[in-house]
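Structure assessment
Chain by chain, the residues:
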Amino acid sequence: MFKNLVRVGLLSAVVLATFTSCEEEQQFTNEKLDAKRVEVQVLNDNLAKVRDYVPLYAVIAHRGSTFWAPEETEASWRWAREMGADYLESDVQCTKDGIVLANHDENLKRTTNIENVFSENVPASRVDFYMSLGFTRADAEAQYGRDMAAFRPFYTLSYYYAELLMLDAGSWFNESSLEQSRPTFKATENGRFENGHIVYSNGLYISAIQDQIAYAEGKRLVRDANGRRLLTYKVKDEYQGMTLQQIYDAIKAKGEYNAKYMDFIEYDFANAYEADPEDTGNRPGIYVEFKESWLNPGNMEQRVYDALAECGWNIITNDPGEQPFYRNGKVNVGNTRGRVILQTFSFDALRRANDIFKGRIPMCYLLWISEPAYATDIAYDTPTGYAAFIKWAQDNGAHIIGPAISGAPNNYPEMNAPWQAYMIRRAGMINHPYSFDSWAQMCKYMGYYNYGWETEFDDLLRLEIPATPYCTSSYPNSVPVYMDGFFTNRTEMSLRYMIENGFRGNAQLPNPFLAGQKYDNSQANVIVPDAVATLERLGY
């Protein structure tokens, strides 16, 4: 989760202009008063029903962890699962062959050694790769020419997934996070093309969404004796016997892609995983972010829908029924209707996701502000501007608002001040701020040294938190709470805060959305494993 700054396009400019105007903004001068009197659209009954699929006070492991392990890899997500996070968070990209990646950066220079392995050109082994699939040299070379014409160096959309598995997705972390570095994060062998086939690296990999789901299910990658993952691939049945030119023409005729994509390879994900011997039974959900639409093919949202369905994780096609969020001290979110949450900053991606999912899977609309406003930014950081984005979110199938928070180390703009949290609560929407890295941030937005012990918004935001045997705080248990769950890079810290302050392991929590009803997470995990010992237990 990091805001990509994209200049305002024509569509976004029109949308922003319809939200608010300068004249409207000049009518209001007091945010604290206006947050109460500006009209806010409230979730309808259908959206509220889906909202309640999501556990309250959820701990969302941002990219698994950006602090303890290389983000969005097997190491970070296995660690977050074993620590007891409720969700494993990721971003989605698309490869040249249409595989949905659970990976943040569309440009892979930061988190892999792609520059060293492939330089700035189409991989030199690309022609041999095509020939290894049974195509002639002339056919392969002609397709290589088409690949060059559409090539963007280091961008996921220009590489086949098998090629990306040649990269080392862990060694960069050791260089950028010296105190958390571990020799086991670094591959000892890069991938290569050898003896007529691709040889993968033997370290941490760029993940597919299927990988992320497998880790949430208590699995790990199947690897050979040399530590390389086992994932076979072949030409899809529908393209068997065709030339690359014919495949290219057939894919183009479908109208779902442009010249960048060649979706003709099938990977055997069904046999790519095994039971993790270090699994202790937590079953988190996943929380995936759609990026700006221009980064991915026109049917990206449908691809995610289909990938979830194939894995049995799409509740529209495979409803798990009523299930508890926690069982016997273990996370069970991954077995519930709240197992998947979708998120985006993008106007267009939100609209497109709603066209496919139709508000039937929990969706979060993320907020950011900059000066001047960019394509996906809130135009006016005022009650009317906030109300306009809340309405836009609901009208396009969102149940959750995800505002940026201030504070070190990210120092994001403040989008979750008390008046803003109040407007989200008035709308009946869940508030999932991002991203938490410190105990001070936890206290600021969830209880104690915050914006003032009493605020104008206590009528909705102050909660009575009954004590539990696990509480360690000496503060009063009546506290203003500015969130309902949160993205964190420090799952161990966030879980400890929640437990020690009564927000976890409690049968008598107030439900802010259902007046007079209690929220029971007494079966949640109340013991937080040691972060370093957990990494070592997992083999890192």
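Residues numbered from 1 in each chain as written. Predicted model: local features only at pLDDT ≥ 70, side-chain atom pairs only at ≥ 80, totals over all residues. Heavy atoms only, no water.

So, about the overall build of the chain. When you go through the chain residue by residue, the secondary structure sums to 20 helices and 21 strands. In terms of overall size, the chain behaves like a compact globule, its C-alpha atoms giving a radius of gyration of 24 Å where 540 residues would be expected to give roughly 24 Å. By principal-axis analysis of the C-alpha atoms, the chain measures approximately 75 × 55 × 45 Å. Across the 540 residues in the chain, those meeting the buried criterion constitute 61%. (Helix = DSSP H or I, 4+ residues; strand = E, 2+ residues; numbered from the N terminus. Rg over C-alpha atoms; globule rule 2.2 N^0.38 Å. Buried < 20%, exposed > 50% of the residue type's maximum accessible area, 1.4 Å probe, protein only.)

Averaged over all residues, the pLDDT of the chain is 92; the fraction at 70 or higher stands at 91%. A low-confidence stretch, residues 4-26 (pLDDT under 50), is modelled with 43 contacts involving residues beyond four sequence positions or located in other chains. (pLDDT = per-residue confidence, 0-100. Contact = heavy atoms within 4.5 Å.)

Another aspect to go through is the packing of aromatic side chains. Counted according to the given criterion, the structure contains 35 aromatic pairs. Put simply, the rings of Phe129, Tyr130, Phe135, Tyr160, Tyr161, Tyr233, Phe264, Tyr267 and Phe269 pair up and form one aromatic cluster. Its guanidinium or amino end placed over the ring of Trp172, Arg110 lies 5.5 Å from that ring's centre, counting from NZ or CZ. Above the plane of the ring of Phe67 lies Arg490, whose end atom (NZ or CZ) is 4.0 Å from the centre. (Phe/Tyr/Trp six-rings, centres within 6.5 Å; stacked < 30°, edge-to-face > 60°. Lys NZ or Arg CZ within 6 Å of the ring centre and 35° of its normal.)

This part is about the packing of helix H11 (residues 209-216) against helix H13 (residues 300-310). At a minimum axis distance of 10 Å, the contact between H11 and H13 shows a crossing angle of 40°. Here the hand of the crossing between H11 and H13 comes out right-handed. In this structure, H11 uses Ile209, Gln210 and Ile213 to contact H13, whose residues at the interface are Val304, Ala307 and Leu308. Taken together, the residues of the contact of H11 with H13 break down into five nonpolar, one polar and no charged. (Axes fitted to C-alpha atoms, helices over the stretch in contact; angles between N-to-C directions. Left-handed = near helix turned anticlockwise from the far one by under 90°. Nonpolar A, V, L, I, M, F, W, Y, C, P; charged D, E, K, R; others polar.)

We now examine helix H16 (residues 418-426). Within H16, eight of the nine residues are buried, which leaves it mostly tucked inside the rest of the structure. On its buried face, H16 is in contact with helix H3 (31-37), helix H15 (383-395), strand E15 (400-403), strand E16 (430-431) and helix H18 (458-461).

Here we take up the pairing of strand E19 (residues 485-488). A two-sided burial pattern is seen for E19, the buried positions comprising Gly485 and Phe487 on one face and Phe486 and Thr488 on the other. Direction of pairing for strand E1 (residues 58-61) relative to E19: parallel, over a ladder of four bridges. Bridge assignment links Val59 to a residue of E19, and that residue is Phe486. (Pairing = 2+ DSSP bridges.)

The tally for this structure, following the rule as stated, stands at 45 salt bridges. For Asp355, the salt bridge goes to Arg351, with nearest N and O atoms at 3.6 Å. Of this pair, Asp355 and Arg351 both sit in helix H14 (residues 347-357), four residues apart, which is roughly one turn of the helix. Exposure remark for Arg351: the relative accessible area of 34% places this residue in the partly exposed category. Ionic pairing is found between Asp458 and Arg462, a salt bridge with its closest N-O pair at 2.9 Å. Overall, Asp458 belongs to the buried group, its relative accessible area being 18%. The network of salt bridges with shared partners includes Arg78, Arg81, Glu82, Asp276, Glu278, Asp279, Arg283 and Arg537. (Salt bridge = Lys/Arg side-chain N within 4 Å of Asp/Glu carboxyl O.)

For the rest of this paragraph, the subject is helix H12 (residues 244-254). Within H12, the full set of buried residues consists of Leu244, Ile247, Tyr248 and Ile251. One side of H12 carries all its buried residues, which in axial view fall inside an arc of 100°. Looking at the buried side of H12, the elements it contacts are helix H7 (126-132) and helix H8 (137-149). Remark: Gly255 follows H12 within two positions and exhibits a positive phi of approximately 80°. (Arc of directions from axis to C-beta.)

This next bit is on the nonpolar core. Counting 170 residues, the largest nonpolar core has Phe264, Tyr267 and Tyr365 as the members making the most contacts within it. Counting residues per element, this core draws most heavily on H15, which supplies six residues. (Core = buried A, V, L, I, M, F, W, Y, C linked by side-chain atoms within 4.5 Å.)

One way to put it is that H13 packs onto H14 with a least axis distance of 9 Å and a crossing angle of 45°. Judged on the interaxial angle alone, H14 and H13 are oblique. Taken as a pair, H13 and H14 cross one another with a handedness that is right-handed. Packed against H13, whose contacting residues are Met300, Glu301, Gln302, Val304, Tyr305 and Leu308, the element H14 presents Ala349, Arg352, Ala353, Ile356 and Phe357 at the interface. Per-class residue counts for the contact of H13 with H14 are eight nonpolar, one polar and two charged. (Parallel < 35°, antiparallel > 145°, perpendicular 65-115°, else oblique.)

It is worth spelling out unusual backbone geometry at this point. Residue Pro409 follows Ala408 across a cis peptide bond; omega there is 5°. Assignment of secondary structure puts Pro409 in the loop between E15 and H16. Residue Tyr434 is joined to Ser435 through a cis peptide bond whose omega torsion reads -15°. Among the structural elements, Ser435 can be located in the loop between E16 and helix H17 (439-445).

A few words now on the environment of Glu194. Here Glu194 shows up in strand E4 (residues 192-194). A relative accessible area of 30% places Glu194 in the partly exposed class. The spacing of Glu194 and Gly485 is 291 residues in sequence and 48 Å in space, taken between C-alpha atoms.

For the rest of this paragraph, the subject is the pairing of E1. Here E1 shows two buried faces, one formed by Ala58 and Ile60 and the other by Val59 and Ala61. Both E1 and strand E2 (residues 87-94) contribute to a ladder of two bridges, which runs parallel. Following the sheet pairing, Ile60 is matched in E2 by Tyr87.

Our focus in this paragraph is the environment of Ile213. Along the chain, Ile213 turns up in helix H11. Spatially, the C-alpha atom of Ile213 lies 9.7 Å from that of Ala102, the residues being 111 residues apart in sequence. The contacts of Ile213, once residues within four sequence positions are left out, are Ile286, Leu308, Cys311 and Trp313.

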